[in-house]
Amino acid sequence: MSDRGYINLIRHLTRASSTLPLETLQASVAHYLARPPTPAPGNPTPLAAAVLNSPLFRPYAHATLSALALAFRQAVHLRVGVLKEEAERHPGGLFSRGVDIRRKLARWTGEVRAGFVGSVALVRLACASGLLLGLEDWDSELALKEKERKARVKAEEEVVLALAEVVDEYAREGSGWEKDFKRLVGANGQEDPLALAVLISSQCAQCIAAERLQALPLSVVTDVLINTIDCSFRGGAFLADASASTTADADGKLALSPNSPFARNVRSVAESPYAATMASLARFAARALTVLVESRQASGWDSIGRTLKRFQSITAVVERDWIRCPLARVTNDEELSDNETREVATATWSALKTLLFTTLMITQSILSAAVFVPNIHTSQQSPPAPSPQEIALDVLHVLSHLSFVMPQFGGVASISEGGLPELKRAFYMALDVLASSGDAAERFVSELSHGYGTAGKGKGVETIPRSLLDARNAFALACVEQLVPGLSEETIQARVYPLCLQHLWDPSYRETYESAHSVMLAVFAAHAKGNATPQTGSADPHPRFVERLVPMYAQCLVENSSDGRLSMPQLCMAYAALVRSAAVSGYSTGADDRESAEGDSKAWLCIEVLLDAIRNTAAVSSEHLHRLHLALIACVPSVSLPLLPRLLEEVKALIQSSSTQEGRPEEMRGALVQALFKAILQDVGDAEKEFLVGWWLDHRDTLADAPGGRAAEGGEQEISVSRL
């Protein structure tokens, strides 16, 4: 006879309400599914049927459906425990068979699924997803996908069929009264069944094979997912009431009432069940888009276009409202009046970061599809499928609206370990795709120049927070840096150079300052690469724009060599790159000796600017002077062979005179010798190395007088070996 607990559970399940807490019902369902009483019923089918048809779980709500899913997931774990106990009691032997846990678990799974017949699709979806997740939890140990593939496939199909039924029932177009009746009967007007369905199925979507997901109406499922994400963030308008909800206290600090409309909006976004599972929703949307575009391209590209338009709308609203939000002008917690205001600010940033994560996850899958899935244009497509460059451009526009959130993770150009890899992956992949078309890159840079280059000018600019302006400019410069190799000289002169110029001497916002210098170096590097191959044709008597920038930028680097501006490695790398670019500019009109000499003269011009700064050291500290010395040594691998003797004489004189400096002269001199030795050993080309090694051997006695010179002398054998 069945035990009393099982009978009481069945009685509660047949009622419309119960005195038992939801957690107790959940635990009881899991327990008796895993351990059905014997001899009756003896299997979990009757209990599964009672659970799925119980009026207790209506109207549909996220809490009750999540509890059902968790109950069936726990039941799998408990059932495996029961089977393991049975296997320990009956280990089997030479003449007896032990307990086959996999086979018995597969049989039990089939018995549970037998109770799903005839149930409501949404409740069946919750229970089937819990069952599938439970099987997935044990797959690494029991290898159910391989050993009991049929049971696993049936569980996946149960989820797919239930989700398809929900979508067909609630997303199908019908008359107004029909849709209203369905929502009233199914959800009693409380929670959207479609949103609940995708929320539940998103938890297990990654466990379902792609060939089974193809059976779904993925275009509709994707639209529902994106609509759910849109609604979760209130269409991006959760910052709309910020200005009206903030006040200033007696000390001028920002105050936010926890009961203000803005605080309630932010909490509703941050604390909703959809925000808690946003990662799962985004993963499901990303996978659905990928499977859709791979299986049904026309529908897939249409869905991708709609998705990007929706995200552009959401992020544009967020950026517009952030400009007016008083929190955008807060730089530290001391500017907030109390803990309640700090909690609202924390919840706001949490919602913004969640939106950025969601955007990155979905745009990464879109970019991967644009790169790896052939975009086949057919005459039947109306409108035609977007090109990969158009998709990349849309992704960059979406990311640009969230540029003010990116500094929370170090920005897109950060090389620190604390950065966000997903952000960099999506950002640089979009730029790589866009750079494959010169026209698209030119248009985007023009848009950046108009949108960001004039962001700090014009009427009403005082209403834009400085932090937002800095983040916008840093994003624009990071984009331009990657696109420079494909830009025309006219665009560089009219768009890129003005965009950089205003930031080259301003280290107040580090990312923008460093990005501006990176763009300038990218311009010189692209120019050097284009001129490295000798060209034929008539000589142009007028120097190109990039060549005319060389003197200006050499002086700019010298002026940015002091402490608090470019770091020592940045200064050395930048100056060496500038000299290298200037040295190859002589190939722009030909490859004869005259043009080579012209390149050498431009390279030496850069060296002279640096030497002038070193000689005029009246108001320069010893540390600053040491930076300039190292920058000069860094230029040794960048000059041609005819210039090396002249440069090395300057370097030798510099090292010999360094012992008269204030501060730590011996230590600084040793650092200079070591830097020169490293440049000769690792950085120079084969054509110059023979001369440099001979020079080093001729002057080693002079250089070895400095601390560190003896250590460098011990590496001479390594130089000789490197020549072989």
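Calculation criteria
All residue numbers refer to positions counted from 1 along the written sequence of the respective chain. Owing to the predicted nature of the model, reporting of local features is limited to residues with pLDDT of at least 70; listing and counting of side-chain atom pairs is limited to 80 or more, with chain, interface and lining totals taken over all residues. To obtain the side-chain values, all non-hydrogen atoms of the structure were used and water was disregarded. Note on conventions: DSSP H or I runs of at least 4 residues are helices, E runs of at least 2 residues are strands, and numbering of each starts at the N terminus. Only protein chains enter the calculation, and the probe is 1.4 Å; a residue is then buried if its accessible area is under 20% of its type maximum, exposed if over 50%, and partly exposed in between. Contacts are assigned to residue pairs with any non-hydrogen atoms lying within 4.5 Å of each other. Using a 1.4 Å probe, accessible areas were evaluated by the Shrake-Rupley method; residue-level cover was limited to the displayed protein chains. When a carboxyl oxygen of Asp or Glu is within 4 Å of a side-chain nitrogen of Lys or Arg, the pair counts as a salt bridge. His residues and chain termini do not enter the charge count, which takes Lys and Arg as positive and Asp and Glu as negative. Side-chain atoms alone can form a polar contact between residues adjacent in sequence; in general such a contact is a pair of N or O atoms within 3.5 Å, and within protein one must be able to donate a hydrogen while the other accepts it. By this rule the span expected of a helix is its residue count minus one, scaled by 1.5 Å. Scored between 0 and 100, pLDDT is the confidence that the predictor attaches to each residue. Axis angles are defined between N-to-C directions and span 0 to 180 degrees, where every axis is a line fitted to C-alpha atoms and, for a helix, only to the segment in contact. Any angle from 65 to 115 degrees is called roughly perpendicular, while one under 35 is roughly parallel, one over 145 is roughly antiparallel, and all others are oblique. Each residue gets one label: Ala, Val, Leu, Ile, Met, Phe, Trp, Tyr, Cys and Pro are nonpolar, Asp, Glu, Lys and Arg are charged, and the others, such as Gly, are polar. In this scheme the crossing of two helices becomes right-handed for a clockwise turn of the near helix relative to the far one and left-handed for an anticlockwise turn of less than a right angle. Centres within 6.5 Å are what make two rings of Phe, Tyr or Trp a pair, Trp counting through its six-membered ring; a difference in plane orientation under 30 degrees is then read as stacked, over 60 as edge-to-face, and the rest as tilted.

### Observations regarding the overall build of the protein
Then comes step 1: Within the protein one finds 34 helices and two strands.
Then comes step 2: For the protein, the residues scored as buried account for 50% of the 724 residues in total.
Then comes step 3: Summarising the internal contacts of the protein: among those between residues at least 6 apart in sequence, 75% fall at separations of at least 24.
Then comes step 4: As displayed, the protein offers around 32,400 Å² of accessible surface, 52% of which is attributable to carbon and sulfur atoms.

### Structural notes on the pattern of salt bridges
A pair can form between side chains of opposite charge whenever their charged atoms are brought close.
Then comes step 1: Going through the model one piece at a time under the given rule, you end up with 29 salt bridges.
Then comes step 2: The shortest N-O distance in the salt bridge between Lys-145 and Glu-136 comes to 3.8 Å.
Then comes step 3: We classify Glu-136 as partly exposed; its relative accessible area is 26%.
Then comes step 4: Through salt bridges that share partners, Glu-136, Lys-145, Arg-152, Glu-156, Glu-211 and Arg-212 make up one connected network.

### Quick word on the side chain of Glu-511
Then comes step 1: Topologically, Glu-511 is positioned in helix α25 (residues 510-531).
Then comes step 2: Despite being buried, Glu-511 has no salt bridge partner; Lys-424 is the closest side chain of opposite charge, sitting 9.3 Å away.
Then comes step 3: Excluding residues that lie within four positions of it along the chain, Glu-511 makes contacts with Gly-410, Gly-411, Val-412, Ala-413 and Ala-474.

### Here's the deal with the environment of Arg-124
Then comes step 1: Locating Arg-124 in the fold gives a position in helix α6 (residues 121-137).
Then comes step 2: Counting along the chain gives eleven residues from Arg-124 to Arg-113, while the straight-line C-alpha distance between them is 9.5 Å.
Then comes step 3: Apart from the residues lying within four places of it in its own chain, the contact partners of Arg-124 are Leu-52, Phe-116, Ser-119, Glu-158, Ala-162 and Glu-165.
Then comes step 4: At 2.9 Å, the side chain of Arg-124 forms a polar contact with the backbone oxygen of Ser-119.

### With respect to helix α2 (residues 22-34)
Then comes step 1: The end-to-end C-alpha separation of α2 is 19 Å, in line with the 18 Å expected for 13 residues at 1.5 Å each.
Then comes step 2: All of the buried residues in α2 are Leu-25, Gln-26, Val-29, Ala-30, Tyr-32, Leu-33 and Ala-34.

### Concerning the confidence of the model for the protein
Then comes step 1: Mean pLDDT for the protein: 86, with 86% of residues reaching 70 or above.
Then comes step 2: A low-confidence stretch, residues 183-189 stays under pLDDT 50, and its non-local contacts, those more than four residues away or across chains, total twelve contacts.

### Structural notes on the packing of helix α24 (residues 489-501) against helix α26 (residues 545-559)
Then comes step 1: At their nearest, the axes of α24 and α26 sit 10 Å apart, and the two run at 40° to each other. When the axes of α24 and α26 are compared, the pair comes out oblique. For the pair α24 and α26, contact is made by Glu-489, Ile-492, Gln-493 and Tyr-497 and by Phe-545, Val-546, Arg-548, Leu-549 and Met-552, respectively.
Then comes step 2: By residue class, the composition of the contact of α24 with α26 is six nonpolar, one polar and two charged.

### Digging into the packing of helix α22 (residues 438-451) against helix α23 (residues 466-483)
Then comes step 1: At a minimum axis distance of 10 Å, the contact between α22 and α23 shows a crossing angle of 155°. By the angle between their axes, α22 is roughly antiparallel relative to α23. Here α22 and α23 pass one another in a crossing that is left-handed. Only Ala-476, Cys-479, Val-480 and Leu-483 of α23 make contact with α22, whose side of the interface consists of Ala-441, Phe-444, Val-445 and Leu-448.
Then comes step 2: For the contact of α22 with α23, the class distribution of residues is eight nonpolar, no polar and no charged.

### Side note on helix α21 (residues 421-435)
Then comes step 1: Taking 1.5 Å per residue as the helical rise, α21 with its 15 residues ought to reach 21 Å, and the 21 Å between its terminal C-alpha atoms agrees with that figure.
Then comes step 2: Here α21 has its buried residues at Leu-423, Lys-424, Ala-426, Phe-427, Ala-430, Leu-431, Val-433 and Leu-434.

### Regarding unusual backbone geometry
Then comes step 1: Cis geometry marks the peptide bond from Arg-58 to Pro-59, where omega comes out at 0°.
Then comes step 2: Position of Pro-59 relative to the elements: it lies in the loop between α3 (45-52) and α4 (62-89).
Then comes step 3: The phi torsion at Ala-143 lies on the positive side, around 50°, for a residue other than glycine.
Then comes step 4: Along the chain, Ala-143 turns up in the loop between α7 (139-142) and α8 (144-147).
Then comes step 5: Of note, the phi angle at Arg-234 is positive, near 55°, even though the residue is not glycine.
Then comes step 6: Residue placement: Arg-234 occurs in the loop between α13 (218-232) and α14 (242-245).
Then comes step 7: Relative accessible area serves as the criterion here: at 43%, Arg-234 is assigned to the partly exposed category.

### Side note on the packing of aromatic side chains
Then comes step 1: Counted by the stated rule, this structure contains eleven aromatic pairs.
Then comes step 2: Seen from their ring centres, Phe-677 and Trp-696 are 5.4 Å apart, and the 50° between their planes marks the pair as tilted. Of this pair, Phe-677 sits in helix α31 (residues 665-683) while Trp-696 sits in helix α32 (residues 686-703), placing them 19 residues apart in sequence. The burial state of Phe-677 is the same as that of Trp-696; both residues are buried.
Then comes step 3: Among the aromatic residues, those joined into a cluster by ring pairs are Trp-322, Trp-349 and Phe-404.

### Section: the environment of Lys-689
Then comes step 1: Relative to the helices and strands, Lys-689 is located in helix α32.
Then comes step 2: Linking Lys-689 and Pro-637, residues 52 residues apart in sequence, is a C-alpha distance of 9.3 Å.
Then comes step 3: A distance of 3.1 Å separates the side chain of Lys-689 from the backbone oxygen of Leu-681, its partner in a polar contact.

### Concerning the environment of Ile-680
Then comes step 1: Mapped onto the elements, Ile-680 comes out in helix α31.
Then comes step 2: A residue is classified by how much of its surface remains accessible, and Ile-680, at 1% relative accessible area, is buried.
Then comes step 3: With 13 residues separating them in the primary sequence, Ile-680 and Val-693 have C-alpha atoms 7.3 Å apart.

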